[in-house]
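# A look at the structure
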Amino acid sequence: MRQVWAGGADDMCHKRRRKVVEDEEVNWHEERFSGFPPKRLKAIVVSSRNCFGVESSSGIGRNSSHSTTDEDEADWTRLPDDTLLKVFTLLNHRDRASLASVCRGWRALAASASLWTSLDIRAHVLDSDMTAALSSRCAKLQRLRFRGGAAATAIVGLQARGLRDLSGDSCGDLSDASLCMMVARHEALESLQLQLGVDCERISNDAIKVVATCCPKLKRLRISGIRDVDAPTIGALAKHCPDLMDLAFFDCTNVDEVALAAATSLRFLSVAGSRVISWILAAEMWPKLPHLTGLDVSRTDITAVTAAELMAAPKLKVFCAVNCSHLEHGRDAVESLLNPSVLVTQCTDFKKELASLSSINAGRSPKCKKLTDSLVCKDCHLELTDWTECVLSHALLKTAESNSGLDVFWLNRGTALMLNLLQSQQEEVQERAATALATFVVIDDETESVDPARAEAVLHAGGITHLLHLAKSCREAVQSEAAKAIANLSVNADVAKTVAMEGGISILASLARSPNRRVAEEAAGGLWNLSVGEDHKGAIAGAGAIEALVDLAFKWPSGNEGVLERAAGALANLAADDKCSMEVASAGGVHALVNLARFCHHEGVQEQAARALANLAAHGDSNGNNAAVGKEPGALEALVHLTSSNHEGVRQEAAGALWNLSFDDRNREAIAAVGGVEALVTLAQSCSTGSQGLQERAAGALWGLSVSEVNSIAIGRGGGVAPLIALARSEFEDVHETAAGALWNLAFNPSNALLIVEEEGVPALVHLCSSSQSKMARFMAALALAYMFDGRTDEVAFGPMFSESPGLGVDGLEAARHLAIRNIDACVLSFSNHQALLVPTTSLPPAALTEVAESARIQEAGHLRCSGAEVGRFVAMLRNKAAVLRSCAAFALLQFTMPGGRHAMHHISLLQKDGAGRVLRTIAASATAPLQAKVFARVVLRNVELHPAGEHTTSS
């Protein structure tokens, strides 16, 4: 039977979801530091990454004009302790832990409390074992960032009684009890920041009162997502925290605006996103706050009149009101009452307003010319700048997450502001700005489409350079958010080109090796998007990213689906390239991807793993990956199992992989042996209303399996004919081709041919060969009909085996025959050059014969490969009493033998072995044969003569 041609391996682009994934944390023990061997070394490199987080081959202290050699090596263990401590301060905690294993002295230095004043453990699960391991180093810990409410309970085990700054992300599961226990053990806290999510009901006013009582030194309290903040709670903060100067209740449903007037120590107040505030009372009470310097009312329903009254506060310098729809309509009313305050809204000229802030600061320090320059000040203006950057970054991120349009704002002012904030000295501001950039370019969560105008605005403003610089930071949280922004922006082709030109591929390849799961995940996502198309695949492979992506599939256990899906997606795109596919296989990619398909239960991972295996198997003629995938233990069973997934994308990619794998003879039989025929028939029966891709691949996989006579019979007996006929009626052109191809294969067997007739397949095939826009679908439908009515079906239909079957009867079968023959004739004629056919065949010059051949040629038919039995059947059909079938057979042989066809030499060899030359010459010279049959026979003879016997090659 014929070897079918599978559709091309397609790339798939990936855009990240808007919100940061907040679950499936990496267990600390699965991410232990792989340090240097515990022995004394003379010359080392500090980690595989330098302090900027990228691959480095330079050793510490290596002089640019003098490199160490075997005879002259630097003994780093002899450096003074204070020098080594200074080096250690340039490294993150992972690198310090790696160096701690070099020798006892370095282990002691790495444990120095002075190196552990700040710790970010958001990438880890903080459990009792981890706290026990860290507690001895946290005596002087002052700043801690964690993720998740579960970590709050374990924080007390660090025994960091001197902790001053505590910040928790994604703490929606934090309870009153956990919060109270945490603050009770850290009475020295000066700053507490908690992101609780949306309308969090687990944290009550009682817990906030405990915070006020237990933390009398509190200066900053920022809580996001608490439902209500009542008057007694605010009163407790005002009473017990006399130094409280920065208070923020982001996205709170209800805040008691009157009680806030009692917090007279406040300098900075934010109620951004609050939904229930009496602005009349706020305008009356808040200007009475004697020290109020900054006020943030972004994303609220404040009116212009109220804003003007609030801006009358005597010491107010910054009034932030981003994305306040009522305020934008009445901005003139606000500006008419402005005091020296800086007004920041989405209609504001940010550069002008920030310059105004600088001029205010200039009253204290003439050196402050702009917002970032004010960081040199050592007084309150530094705090004002930091606070302004903080609330602006928060407002921009929340506005971007709401996806509320604002195109004019983003293009004219918002992009420039986010890029300005990327250059902040505050790590959390850099993170939020990068996250906002990653989010605002995605304009549709459903389709994950990227706005080209916004992406180009970032590009033209130099944003890619800033993001790549952040991606080289030694701070992993910044690396993660910068990589996410680069990934989403890289969906735009111009941005992707700039990322590649500025070295971004190497940076992402290095970040993909990060031991931090979030960093590796976002880096893999960036490589996924950059690998779309052919432009950057070679550079990605050259940067060593293929090995890094394969390692990710092995490195991260089940439960880290985000990184696994992105790694598999990038490998799938790379595997679409012949050369890269071989590198994926040589790096162990086949085993890694099969493991994901077998053992990972996440649908996104399964889909990308199956797609990667499909692309690896798509290069059967040029490399051995097709056979390699089939030989991998469990591969075929896993793909067959995935065809029954509840997720359409998984079913589609699994069917596509089986289609490509069926090109290999051994794979074809092995797929059938593990239940592939039954699974694919079931899939075909259920996908008539599915997507084009699913329908095409389901029919294509059956087409591939039906190349085998045994499989073809099994498909017919297993109920595969009816769903293939239904798919032949699909609205999608590509589905027409695969369904027609499968039915053509099935029709070779007389029993199947009769089933096709009984299942009303003749009208469906007639419709294809007369009306489909696909030349291949018309061609193969005509060939299927020719098989069905070349005489062999009659022997089955009216033979003794079917004597008890009602069948169609003689009249029904004859009616179907006449319908088929008439449309086969029309189909063949539609490919004919009618003017050339008017010339007697004996008078056709070679040029005219070539013209006839080229006009009749179907380019895609050159990919089809027929077996000896099929070629023999067409040769026999040349002798059929039906003139139309003789023309059809000559037309088919013309397609299979045209010079340049993928399998032309194979078919010519079969014709020569079958002695077809005599039959062809008889047809060409016949006085009674149809004209098109005579001309097509002459073309086939010409094709055979162009390749004398013995010059053929065998293609698989």
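Residues numbered from 1 in each chain as written. Predicted model: local features only at pLDDT ≥ 70, side-chain atom pairs only at ≥ 80, totals over all residues. Heavy atoms only, no water.

In the nomenclature of an unreviewed UniProt entry, the protein chain corresponds to F-box domain-containing protein from the organism Sphagnum jensenii.

Attention now goes to the overall build of the protein chain. For the protein chain, the count of helices and strands is 49 helices and 14 strands. Of all intrachain contacts in the protein chain linking residues separated by at least 6 positions in sequence, the fraction that spans at least 24 positions is 72%. (Helix = DSSP H or I, 4+ residues; strand = E, 2+ residues; numbered from the N terminus. Contact = heavy atoms within 4.5 Å.)

Attention now moves to the nonpolar core. Grouped together as the largest cluster of nonpolar side chains are 210 residues, with contacts concentrated most on Phe779, Leu785, Met788 and Phe874. Ranked by residues supplied to this core, first place goes to helix H40 (residues 775–788) with 11 residues. Apart from residues lying up to four places away in sequence, Met788 is in contact with Ala747, Ala753, Ile756, Val757, Val762, Leu765 and Thr793. The next biggest cluster of nonpolar side chains, apart from the first, holds 86 residues, and it includes Ala152, Val183, Ala313 and Phe319. (Core = buried A, V, L, I, M, F, W, Y, C linked by side-chain atoms within 4.5 Å. Buried < 20%, exposed > 50% of the residue type's maximum accessible area, 1.4 Å probe, protein only.)

Here the focus is the packing of helix H36 (residues 721–728) against helix H37 (residues 733–747). Orientation of H36 relative to H37, taken along the N-to-C sense of each, is 145°, at an axis distance of 8 Å. Between H36 and H37 lies a crossing of left-handed hand. Here H36 contributes Val721, Leu724, Ile725, Leu727 and Ala728 to the contact with H37, which in turn contributes Val735, His736, Ala739, Ala742, Leu743 and Leu746. When grouped by side-chain class, the residues that make up the contact of H36 with H37 number 10 nonpolar, 1 polar and no charged. (Axes fitted to C-alpha atoms, helices over the stretch in contact; angles between N-to-C directions. Left-handed = near helix turned anticlockwise from the far one by under 90°. Nonpolar A, V, L, I, M, F, W, Y, C, P; charged D, E, K, R; others polar.)

Moving on: the pairing of strand E2 (residues 143–147). With 4 of its 5 residues buried, E2 lies for the most part within the structure. Two elements, strand E1 (residues 118–120) and E2, share 3 bridges in a ladder whose sense is parallel. For Leu119, the partnering residue across the bridge sits in E2 and is Leu144. Of the strand pairs in this sheet, E2 and strand E3 (residues 165–169) are connected by 5 bridges, and their pairing is parallel. Along E3, the bridge assignment pairs Arg143 with Asp165. Handedness of the crossover joining E2 and E3 through helix H5 (residues 149–155) is recorded here as right-handed. (Pairing = 2+ DSSP bridges. Right-handed = clockwise from strand over helix to strand, strands pointing away.)

This part is about the packing of helix H48 (residues 916–925) against helix H49 (residues 931–946). The geometry of H48 relative to H49 is characterised by a closest axis approach of 8 Å and an angle of 140° between their N-to-C directions. Handedness of the H48/H49 crossing: left-handed. Note on element contacts: H49 touches H48 through Ala933, Lys934, Ala937, Arg938, Val940 and Leu941, opposite Gly917, Leu920, Arg921, Ile923 and Ala924. Along the lines of polarity and charge, the residues of the contact of H48 with H49 split into 7 nonpolar, 1 polar and 3 charged.

On to unusual backbone geometry. Within the chain, Gln159 stands out as a residue other than glycine whose phi angle is a positive 60°. Looking at the secondary structure, you find Gln159 in the loop between H5 and E3. Positive phi, normally seen in glycine, also occurs at Asn323, with a value near 60°.

A few words now on the environment of Gly105. Relative to the assigned elements, Gly105 resides in helix H3 (residues 104–110). For Gly105 and Arg78, which are 27 residues apart along the polypeptide, the C-alpha to C-alpha distance reads 10.0 Å.

For the rest of this paragraph, the subject is the pairing of strand E4 (residues 191–200). Pairing analysis gives 4 bridges linking E3 to E4, with the strands arranged parallel. Within the sheet, the bridge partner assigned to Ser167 lies in E4 and is Gln193. Of the crossover connections in this fold, the one passing from E3 over helix H6 (residues 176–184) to the parallel E4 is right-handed. Of the strand pairs in this sheet, E4 and strand E5 (residues 220–226) are connected by 6 bridges, and their pairing is parallel. Bridged to Gln195 within E5 is Ser224. Viewed along the sheet, the connection from E4 through helix H7 (residues 205–214) into E5 turns out right-handed.

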